[in-house]
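# Working through the structure, step by step
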Amino acid sequence: SMVMPIYCRYCSSFRPCWEMRYCNSLSGSVDFGPIARETGLKIVTPLDVYRQLAPRYHSLAVIAANAQGTAGIERTLLSANPELTLRSTGLLPVVLSIEAGEPPEELVSRHRLPELCGWYESVGAEALVLGCTHYPLLKKMIGDFMGDEVHLVDSGKVTAQAAAAALDDLGLLNGKKTGGTARYFVSDTPDNFDELAHTFLGEYAGGTVERIAIETY
């Protein structure tokens, strides 16, 4: 009930025509369908990709950021394929370790990720969904733990591909490979964002960072 007014004020202020909602946990806890219909926004989330993904598999594994994200991803996958065997884990301590800057080799060992991945592989998972924005940072290591027979679904990559398709449908896709500018709006402090931006955005980090009071939208 609180999200709809925020989105309506947001659309009135910035007048966007589409949005990529990257966060799995937020996508799983908020029904963006009514928001899209009310505001006219084209909203792309990782769950849109998961709906298309589910019918391709008999057995899937998921690692998400928390129980809320896990539940939303499970609900989406099973609604698209009720016969799917699904095993999921919420791993908030791993997310916090990544944000704290813990070296990847140390955090995967301390949180027993090799054992978890080995168990998923042993019970017949055909693919592992990296259901959080943080996990692609560990993609190479997780792929090694899972082995060559298990496909990794990088939620960031597939959502970006879905966003490109949505832009193309709207006639807004820009084919340029270079140039452009980025503006970042955060509800946390800009300094905190700047510390994490280089970890998550790499070469795309940079641009103005502005703090907004989310309660005003």
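Read on for an overview of the structure. (Residues numbered from 1 in each chain as written. Predicted model: local features only at pLDDT ≥ 70, side-chain atom pairs only at ≥ 80, totals over all residues. Heavy atoms only, no water.)

Along its length, the chain carries 11 helices and eight strands. Its C-alpha atoms give the chain a radius of gyration of 18 Å, near enough to 17 Å, the size a compact globule of 217 residues would have. In terms of its C-alpha atoms, the chain occupies a principal-axis envelope of roughly 50 × 40 × 35 Å. Expressed as a percentage of its 217 residues, the buried residues of the chain come to 37%. Sequence-distant contacts, at least 24 apart, represent 72% of the contacts inside the chain between residues at least 6 apart. A total accessible area of about 12400 Å² is found for the chain, and carbon and sulfur atoms account for 52% of it. Side chains of the chain carry 18 positive and 26 negative charges; the gap between the two charge centres is 7 Å. (Helix = DSSP H or I, 4+ residues; strand = E, 2+ residues; numbered from the N terminus. Rg over C-alpha atoms; globule rule 2.2 N^0.38 Å. Buried < 20%, exposed > 50% of the residue type's maximum accessible area, 1.4 Å probe, protein only. Contact = heavy atoms within 4.5 Å. Areas by Shrake-Rupley, 256 points an atom, 1.4 Å probe, with all protein chains shown as cover. Lys, Arg positive; Asp, Glu negative; His and termini not counted. Charge placed at Lys NZ, Arg CZ, Asp CG, Glu CD.)

Now for the nonpolar core. The biggest cluster of nonpolar side chains holds 24 residues, and the ones touching the most others in it are Ile63, Leu128, Tyr135 and Ile142. The element contributing the most residues to this core is helix 8 (residues 113-122), with four residues. Filtering out sequence-adjacent residues up to four positions away, Ile142 remains in contact with Ile63, Cys117, Leu128, Leu130, Tyr135 and Leu152. In this structure, Tyr50, Ala54, Ala127 and Val158 belong to the second largest nonpolar core, which totals 17 residues. (Core = buried A, V, L, I, M, F, W, Y, C linked by side-chain atoms within 4.5 Å.)

Our next topic: the pattern of salt bridges. In the structure shown here, the tally under the stated rule is seven salt bridges. Arg112 serves as the salt-bridge partner of Glu115, at 3.0 Å between the closest nitrogen and oxygen. The class for Glu115 is partly exposed, based on a relative accessible area of 42%. A salt bridge links Lys139 to Asp154; the shortest N-O distance between them is 3.6 Å. Of the two residues, Lys139 is situated in helix 9 (residues 139-146) and Asp154 in strand 6 (residues 151-154); the sequence distance between them amounts to 15 residues. The exposure class assigned to Asp154 is buried, which follows from its relative accessible area of 12%. (Salt bridge = Lys/Arg side-chain N within 4 Å of Asp/Glu carboxyl O.)

All right, on to helix 3 (residues 32-39) then. The N-capping residue of helix 3, defined by a side-chain oxygen 3.1 Å from the backbone nitrogen of Gly33, is Asp31. Gly40 sits one or two residues past helix 3 and shows a positive phi near 80°. (Polar contact = N/O pair within 3.5 Å; in protein donor to acceptor, adjacent residues only side chain to side chain.)

Take the environment of Asp154 next. Along the sequence, Asp154 and Leu128 sit 26 residues apart, while their C-alpha atoms lie 8.8 Å from each other. Sequence-distant contacts of Asp154, defined by excluding residues within four places in its chain, comprise Leu130, Pro136 and Lys139. Among the polar contacts listed, one links the side chain of Asp154 to the backbone nitrogen of Gly156, at a separation of 3.0 Å.

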